[in-house]
Amino acid sequence: MYKYIIRRLLLMIPVLIGVSIIIFSLIHMAPGDPYSAMIDPNTPTEEIENMLRNIGYYDSLPVKYTKWISRALTGDLGFSIRYQEPVVNIIGRRIGNTLLLSVLSLTLSVVIAVPLGVISATKQYSKFDYIATIFAFIGMSLPAFFFALLMIKFLAFDLKLFPISGMQTIGSGYTGIRLVLDVMHHMMLPVIVLSLLQMASFMRYSRSSVLEVFKQDYIRTARAKGLSERLVIYRHALRNALIPVITLLSSSLGFILSGAILTETVFSWPGMGTLIYQSILNRDYPLVIASTMLLSICVLFANLLADILYAVADPRIKYN
Amino acid sequence: MKRIWTMGMLFLIMAVVMMGCTGTTDPKEAQVVTPEAPAAEAPAAVESTPESAIKEGGVVRYAAFGTAPGLFNPVLQSNSFDVYEMEVMFEGLLRKSMTNELEACLAESFSVSEDKRTLTFKLRENVKWHDGEPFTAEDVKFTFEFICHPDYAGPYSAVAKAISGYDEYFEGKADHVSGIEVIDPNTVSITTKEVDATMTEKICTSILITPKHIWESVPVKQALEQTELLRNPVGTGPFKISKFVPDQYVEMVANDLYWNGRPHVDKYIVQVANPETAQTQIINNEVEMLAVKQMNPDDLDYYKSAGVFVDTISFDAAMNLGVNNSNELLKDKRVRQAFAYAIDREAIVRDILYGYGTVANVPYKPDFWANPEDGLNAYTYNPQKAIELLEEAGWQYKADEKQMYKDGKPVKLSLKYYSGNKQVESIAPFIQQALKEVGVQIDLQISEYSTMLADMKSGDFELYIAAHKNGVAGDMKSQYNSAFTPPNGTNYSRFSNSRVDELSEQGLRLLSTDERKPIYVEIAKILNEELPIVYLYHWHQGMAMNSKLKNVQLTPNSMLGINYQTEKWYFEE
C-alpha cells in the first residue's frame, strides 16, 4: 500500500509538468495581453509595448516557460501583473474565503443528502421517495446563478433575511465575535445555494447505488438467513453502496479550491473562483498559471485519495 | 430663488475678476489663460438649498463591478478600478469643469508664454497633504521628474517625452529635467519641446501630483513593489484612504484639511458588487450609487418606484461599426456610406438603447465644441440608396436572390464583436440583418474583448463593433492619421487621407479652443463624408443614486463619472 502511494506520488511529477506545459501554452497562445483591457485607449502603442517588454511578454514561449518553471521550482510563483504582488499572497488571501464556503457547503450537503438518499432507496416508490426525487431533479437542473438570483429575490429582497453580497458589512468596523457573526450572516445565502445544488447529485447517487446493491445475491442471502432489515441495510448494503459516493465526494474535493465561480460571482464573494475568472480575463499570466496549477494538484490528490479510500471501503480492492 | 441665482452670478464675476488679477501680474506673458472660476462656488450656489437642509455626515457606497488592485499611485499605473478612488484622493494642477473647460485645482491660475511652450502655474497656497505636510512646487517638480526617470515604466512616458530636457535627464546627462522649473515655492513652470495641445492638456489635468516627502526615498524602479505605500496613499484630494480590504472594498474618509472645505459626507466607499444583483442592493439601501448598464424602461420604473434617482451622463465616445479601409472590398468610401444608409441607427437608439443615446455621424458628441453645427450628411436610413451606392462602387445586386456580387462572387463579410456588453451583443445581429437587406452576408464572430483587440491591431478583420473614445482635447491624430496605422498607433480602420493627416498635425500646434475649432470642425466634416468607420451612436450612461444624496455632478471627465467636487456631496435630511 505504501509503495503504491509513493509510486502514485512520483507519477504526479510528470503529470504536473505536462499539465503546466499545456496550461502555460494555452494561456500564452490566447490573443490579448495584460494591458489591453485595463489601459486608457489613448495610451500610445509604444508605451504599452514598453510595459509589455518589461514583463517579458515578447519572449518566446520556451524561454518564458523555462524562466517560469525554474523560479517555480524554488517556490517562487511569480508576481501578479495586475496586483503587483506575489501570487502566493493573493491566493493565500482568497483561499481561506473559498474553503470557508466550500467545506461548509460540502459537509452540509453530504451530511444531509446521503441519509436522504439511503432512506429514499429503502422506501422506494414511497411518497418520501417521490418528493425527494422531485427536489433532486429540480436541484440538478437549475443553473447555479439562476438559483442564486431566486434566493436573493426571496430571502434577501422580499424577506430581507440576509445581505445580498459581499463577505461583511462594509464600513461597520466590526471586530471579534461581531465580525464572525457578520461574516456568518453574509455566507448564509451562498452556502444555502451551494449545498442545495450539491445535495441533489449526492442524493441521487446514494439512492441509486443503494438500490443497485439491494439487487445483489448477498443481500438476498442476508435476508434469507433471517437478519433484521436494519442489519441488512446498515451492515451489508450501506458499506458497498457508498463506494460510488466516495468517488463523487473525492472528485468534489478536487474542486473545493476552485470555488464555485458562478456562485462566488453572483454574491461577490472574494474567493478563488472569481480570482481565476478575473485573472484569465485580465491575462494575468502568473496568477492564472499558479491558481490553475494549484487546482491540478488538488485534483490529483483527490484522485489518489479516492483510490485509497476504495481500498479501505472494499477489501477486495488491493494495490500492489 | 432669484436672489440665490444673483448671488451665484456675483460670486462668479468676483471670482473671474480675482483670477484675472493674479493672472496678469507678469507683463511678459502674452497670453493669459485663466481658469473659469476657482473651486466653482457658482454651480453650488446656483443649485443651492438652504444651508440648514444639508446634513453633515453619512456614508456613500458605490457599487463597482470589479476589484481594485490597490496600487494607489496615480502616475505609476492607470487601472480603472484604482483610478476610481485616485480621482478623489489625488488632484492635478488643473481639472476640467462641468462645461469642459480648464479650471483651477492645485494651481489657482496659469499662464502660457508667447511661444506657447512654457506653462507657468501659480499654485494654491495652504494646500496640505493628507498627512499634514504642506504642498509646494517641489512636489510638482518631483512628480514630473518621476515620470521622466529612466526606470519609469508607467502609462505617462509620452507626456514625459514631450517635456524639454527629458532626453538629457533620461540619458543621465543632467541631474534634473531642465523643462521643469520651480520659480518660488508656489510657482512652477513646465516647458514642452514643441507645442502640442494634447500634451499641454495632459500635463495640466492627467498628471495627478504625488507627494515628494513620501516617494522621494523610493527608487523609481522599485516603486511598484512598495505595497505599504501604495495601499496607504497620501494625496491632496477631498477624501483620504482609511481602509483598503483587497478584493472587497476601499474605504475613504473626509479630508479635514481639504482646501475647499471638508466634505459634507464622512465616508466614501467603493465596494465590489455584481451587476446582476446591484439593483437589489441599491433598493435595499446596501449601496448609494451604481452605474446602470441597461436603461430599459421596466428597470427604470422599478428604480423610480423604489425612490432611487437615475441621472445620465454621456461620455466623449461613440459606438462604431469599424471598417478595415485597407480591405479591397471596403476601401471605396461609397461602400462605407452604403453601410451607413443600410443600418437604421435611429432604430438602434430607440429600441436597443431605449432612447438613451443619439445617432452619431462624427466621432464628437453633439455638445462638443468641435462638432460641426451644420453641413453634415445624416445618412438617414435608406436601404434603396445603399444598394445604389454599392452598385456605383462596382458591386452587382441580384434582386431575385437579394444578394450582392463583386467580380462574380457573392459578397460575404465577417463582423467581429465582443462579449460582455449587452448593447453590443444586441447590435451585432441587428447589423447583420440590416446588411442582409442590401444583399451583404455577414458572418458574426463573437470573442472576448482582448481577442478582438488583438485582431484589430494585426488587421485580421473586415468589420468590428467597438466604442472609440476621442483623444484628449478633441485630438483625432491618434485614430485617423495615417502615420498611426497599427502597429504604430491606434488608427485601427487603416484610414488614410492627406488632408486629415495635415489638419490633425496642425491642430496640435494650437492651444486655444477658438483657434482649434475650425480645424477640428473640418476634420469632422471630412470624416463624416469619408466615413472611415460607420459611426453608430453616442450613448447616455445611467447612474442610479439614493435620492437623498444631493449635489452629485455627473461628468465625462471623471472615469467613474461622479468624481467631481465630491466635497459638495451631502445627504438631505
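Residues numbered from 1 in each chain as written. Chains lettered and ligands numbered in written order. Predicted model: local features only at pLDDT ≥ 70, side-chain atom pairs only at ≥ 80, totals over all residues.

**Some remarks on the overall build of chain B**
What chain B contains, in helices and strands, is 19 helices and 25 strands. Expected size for 573 residues packed as a compact globule is a radius of gyration near 25 Å; at 25 Å, chain B falls within 12% of this value. Across the 573 residues of chain B, 48% fall into the buried class. Intrachain contacts of chain B at a sequence separation of at least 6 include 68% that bridge at least 24 residues. (Helix = DSSP H or I, 4+ residues; strand = E, 2+ residues; numbered from the N terminus. Rg over C-alpha atoms; globule rule 2.2 N^0.38 Å. Buried ≥ 20, exposed ≤ 12 C-beta atoms within 10 Å, placed from the backbone. Contact = placed C-beta atoms within 7 Å.)

**Thoughts on the nonpolar core**
Residues and elements named next belong to chain B. Residues Y62, A107, F144, I163, M289, L290 and A544 are the most contacted members of the largest nonpolar core, which totals 90 residues. Among the elements that make up this core, the one with the highest residue count is helix 4 (residues 137–148) (7 residues). Each of two domains, domain 1 (7–33 + 90–224) and domain 2 (229–314 + 541–572), supplies a minimum of three residues to this core. With residues near it in sequence (within four places) discarded, F144 still touches I163, V177, I180, I190 and I207. Core analysis: the second largest hydrophobic core is formed by 66 residues, L389, I431, I523 and Y535 among them. (Core = buried A, V, L, I, M, F, W, Y, C linked by C-beta atoms within 7 Å. Domains from an automatic or database assignment.)

**Considerations on the packing of helix 9 (residues 229–254) of chain A against helix 12 (residues 285–313) of chain A**
Residue and element names in this part refer to chain A. Running from N to C, helix 9 and helix 12 cross one another at 165°; their axes reach a closest spacing of 8 Å. As summarised for this structure, helix 9 and helix 12 are arranged roughly antiparallel, according to the angle between their axes. For the pair helix 9 and helix 12, the crossing hand works out as right-handed. Across the interface between the two elements, R239, L242, I243, I246, T247, S250, S251, L253 and G254 of helix 9 pack against C298, V299, A302, N303, L305, A306, L309, Y310 and A313 of helix 12. Residues belonging to the contact of helix 9 with helix 12 are distributed by class as follows: 12 nonpolar, 5 polar and 1 charged. (Axes fitted to C-alpha atoms, helices over the stretch in contact; angles between N-to-C directions. Parallel < 35°, antiparallel > 145°, perpendicular 65-115°, else oblique. Left-handed = near helix turned anticlockwise from the far one by under 90°. Nonpolar A, V, L, I, M, F, W, Y, C, P; charged D, E, K, R; others polar.)

**Some words on the packing of helix 1 (residues 2–29) of chain A against helix 3 (residues 61–73) of chain A**
All names here are of chain A. At their nearest, the axes of helix 1 and helix 3 sit 11 Å apart, and the two run at 130° to each other. Taken as axis vectors, helix 1 and helix 3 run oblique relative to one another. In the packing of helix 1 onto helix 3, the handedness of the crossing is right-handed. Each of S20, I21, F24, S25 and H28 in helix 1 lies in contact with helix 3, whose residues at this interface are L61, K64, Y65, W68 and I69. A per-class count over the contact of helix 1 with helix 3 returns 6 nonpolar, 3 polar and 1 charged.

**What about the sheet that holds strand 17 (residues 396–398) of chain B?**
Residue and element names in this part refer to chain B. Strand order across the open sheet formed by 3 strands is 17-18-19, with antiparallel pairing between neighbours. Bordering the open sheet on either side are strand 17 and strand 19 (409–410), each of which pairs with just one other strand. Note that strand 18 (residues 403–406) and strand 19 share 2 bridges and pair antiparallel. Bridge pairing links Y405 to P410 in strand 19. (Pairing = 2+ DSSP bridges.)

**Examining the pairing of strand 23 (residues 534–546) of chain B**
All names here are of chain B. The buried fraction of strand 23 is high, at 12 of 13 residues. Where strand 13 (residues 289–292) and strand 23 come together, 4 bridges link them in antiparallel fashion. The partner of A291 across the bridge, within strand 23, is M543. Relative to strand 23, strand 14 (residues 308–314) is paired through 7 bridges, and the arrangement is antiparallel. Residue pairing across strands places V310 opposite A544, the latter belonging to strand 23. Pairing of strand 16 (residues 357–359) with strand 23 involves 3 bridges; the strand directions are antiparallel. The partner of V359 across the bridge, within strand 23, is Y537.

**A few points about the pairing of strand 15 (residues 317–323) of chain B**
Residues and elements named next belong to chain B. Taken across its 7 residues, strand 15 has 6 buried, putting it largely inside the fold. Bridging between strand 15 and strand 22 (residues 463–469) involves 7 bridges; their strand directions are antiparallel. Bridge pairing in strand 22 links N320 to A466. With 3 bridges connecting them, strand 15 and strand 23 associate as antiparallel partners. Paired with N320 across the bridge in strand 23 is Y535.

**Some remarks on the interface of chain A and chain B**
With 39 residues of chain A at the interface, the matching set in chain B holds 43 residues. Secondary structure elements with two or more residues in the side of chain A that touches chain B: helix 2 (45–54), helix 4 (87–122), helix 6 (144–158) and helix 10 (261–266) of chain A. Ranked by residue count, the leading element in the side of chain A that touches chain B is helix 2 of chain A, at 5 residues. Counted by class, the side of chain A that touches chain B contains 18 nonpolar, 13 polar and 8 charged residues.

**What to know about the sheet that holds strand 25 (residues 570–572) of chain B**
Strands sit in the order 2-25-24 (chain B) across an open sheet of 3 strands; the sheet is antiparallel. In this open sheet, the two edge strands, each paired with only one partner strand, are strand 2 (54–55) and strand 24 (549–550) of chain B.

**Topic: the environment of N361 of chain B**
Residues and elements named next belong to chain B. Turning to its location among the elements, N361 is positioned in the loop between strand 16 and helix 14 (383–392). The exposure class assigned to N361 is buried, which follows from the 24 C-beta atoms found within 10 Å. Taking C-alpha positions, N361 is 11 Å from E530, a pair spaced 169 residues apart along the chain.

**Observations regarding helix 7 (residues 197–206) of chain B**
Most of helix 7 of chain B sits inside the fold, with 8 of its 10 residues counted as buried. Every buried residue of helix 7 of chain B is listed here: A197, T198, M199, T200, E201, I203, C204 and T205 of chain B.

**Overview of helix 4 of chain B**
Residues and elements named next belong to chain B. Relative to the 16 Å expected for 12 residues at 1.5 Å per residue, helix 4 spans 17 Å between its end C-alpha atoms, a close match to the ideal helical length. Counting buried residues along helix 4, 11 of its 12 residues qualify, which places the element largely inside the surrounding structure. Among the residues of helix 4, A137, D139, V140, K141, F142, T143, F144, E145, F146, I147 and C148 are the ones counted as buried. Contacts from the buried residues of helix 4 go to strand 7 (118–123), helix 5 (157–161), helix 6 (166–170), strand 8 (180–184), strand 9 (187–191) and helix 8 (212–215). (Expected span 1.5 Å × (residues − 1).)

**A short note on the domain arrangement of chain B**
Domain parsing of chain B yields domain 1 (7–33 + 90–224), domain 2 (229–314 + 541–572) and domain 3 (317–540). Between domain 1 of chain B and domain 2 of chain B, the contact holds 17 residues from the first and 12 residues from the second.

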